Amino acid sequence: MKDNYYFRKCLLTNPVVIMDILSDSTEAFDRGKKFAYYQTIPTLQEYILVSQKECRVEQYTRSDDAWLYRSYKGTDRILKMESVNCELPLSEIYWDVGFDSRY
C-alpha cells in the first residue's frame with residue numbers, strides 16, 4: 001500500500017516530466033494555456049511535446065527562471081531527459097508508426 005500511496009500523492013501531484021502527444025484539436029492549448037499552467041508546478045523540470053504528424057519531439061527544460069527549448073527531428077536522434085536520467089531514442093518513441101504523406 002505504501003507504494004500505491006507514494007504513486008498517487010507524490011508522482012501524480014509532483015511531476016518532474018510531463019509528455020503530451022500533440023493533435024490538431026489540442027496543439028494550441030498544449031502549447032499555450034496548458035504549458036502556462038504546467039510552468040506553475042514547482043517540481044516540473046521538463047515538458048515534452050510529441051508530434052503525431054512527423055518524427056519530431058520538442059523539449060522545454062526549466063533553467064532557473066526560464067525555459068530552454070530543444071527540437072529533435074528524425075529517428076536517429078535521442079531525447080535526453082536529464083531530470084530523470086533517461087535517454088530515449090526517437091526510433092523507440094515512433095516504433096512501427098507510419099505518417100500520413102500529406103504532412
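Please refer to the structure placed before this passage.
On a predicted model such as this, the values are computed, not experimentally measured, just so you know.

Enquirer: Which parts of the structure should I look at to understand the pattern of salt bridges?
Expert: Think of it this way: side chains of opposite charge can pair up when their charged atoms draw near. Overall, the coordinates contain eight salt bridges when judged by the stated rule. In this structure, the salt-bridge partner of Arg 56 is Glu 54, at a minimum N-O distance of 3.0 Å.

Enquirer: Looking at this structure, I do not really get the nonpolar core. What am I missing?
Expert: Across soluble globular proteins, nonpolar side chains show a tendency to be buried alongside one another. With ten residues, the main nonpolar core is built from Ile 18, Leu 22, Phe 35, Tyr 38, Ile 41, Leu 44, Tyr 47, Leu 49, Tyr 60 and Trp 67. Elements with a contribution of two residues or more to this core: α3 (33–38) and β2 (46–50). What Leu 22 contacts, discounting residues up to four positions off in sequence, is Glu 27, Asp 30, Arg 31, Leu 49, Val 50, Gln 52 and Glu 58. Judged by nonpolar contacts, the second largest core, of nine residues, contains Ile 48, Val 50, Leu 79 and Met 81.

Enquirer: What am I meant to see in the packing of aromatic side chains here?
Expert: The relative placement of two aromatic rings is captured by the distance of their centres and the angle of their planes. Considering all chains together, one arrives at seven aromatic pairs under this definition. Ring centres 5.4 Å apart and planes at 75° place the aromatic pair Phe 35 and Trp 67 in the edge-to-face group. Within this pair, whereas Phe 35 is found in helix α3, its partner Trp 67 is found in strand β4 (residues 66–73), the two being separated by 32 residues in sequence. Their ring planes at 55° and their centres at 6.2 Å tell us that Tyr 37 and Tyr 38 sit as a pair that is tilted. According to the relative accessible area criterion, Tyr 37 is exposed, its value standing at 53%. When its relative accessible area of 13% is taken as the criterion, Tyr 38 is described as buried.

Enquirer: I tried to follow the sheet that holds strand β3 (residues 56–63) on my own but got confused; where do I start?
Expert: With mixed pairing, four strands are arranged side by side in an open sheet as β1-β2-β3-β4. This sheet does not close on itself; its edge strands, each paired only once, are β1 (17–21) and β4. Sheet twist, expressed as the mean angle between neighbouring strand axes with direction ignored, is 15°. Pairing between β1 and β2: five bridges, direction parallel.

Enquirer: I keep staring at the environment of Leu 79 and nothing clicks. Help me out?
Expert: Along the chain, Leu 79 falls in strand β5 (residues 78–81). Residue classification places Leu 79 among the buried positions, given a relative accessible area of 0%. Separated by 20 residues in the primary sequence, Leu 79 and Gln 59 place their C-alpha atoms 8.3 Å from one another.

Enquirer: What is the right way to look at unusual backbone geometry in this model?
Expert: Among all residues save glycine, negative phi is the norm, and among peptide bonds the norm is trans. The phi dihedral of Asp 64 is positive, around 55°, even though this residue is not glycine. Classification of Asp 64 as exposed rests on a relative accessible area of 75%. One non-glycine residue with positive phi stands out, namely Asn 85, at about 50°. Looking at where Asn 85 falls in the secondary structure, it is placed in the loop between β5 and β6 (86–89).

About the thresholds
Residues numbered from 1 in each chain as written. Predicted model: local features only at pLDDT ≥ 70, side-chain atom pairs only at ≥ 80, totals over all residues. Heavy atoms only, no water. Salt bridge = Lys/Arg side-chain N within 4 Å of Asp/Glu carboxyl O. Core = buried A, V, L, I, M, F, W, Y, C linked by side-chain atoms within 4.5 Å. Buried < 20%, exposed > 50% of the residue type's maximum accessible area, 1.4 Å probe, protein only. Helix = DSSP H or I, 4+ residues; strand = E, 2+ residues; numbered from the N terminus. Contact = heavy atoms within 4.5 Å. Phe/Tyr/Trp six-rings, centres within 6.5 Å; stacked < 30°, edge-to-face > 60°. Pairing = 2+ DSSP bridges. Axes fitted to C-alpha atoms, helices over the stretch in contact; angles between N-to-C directions.

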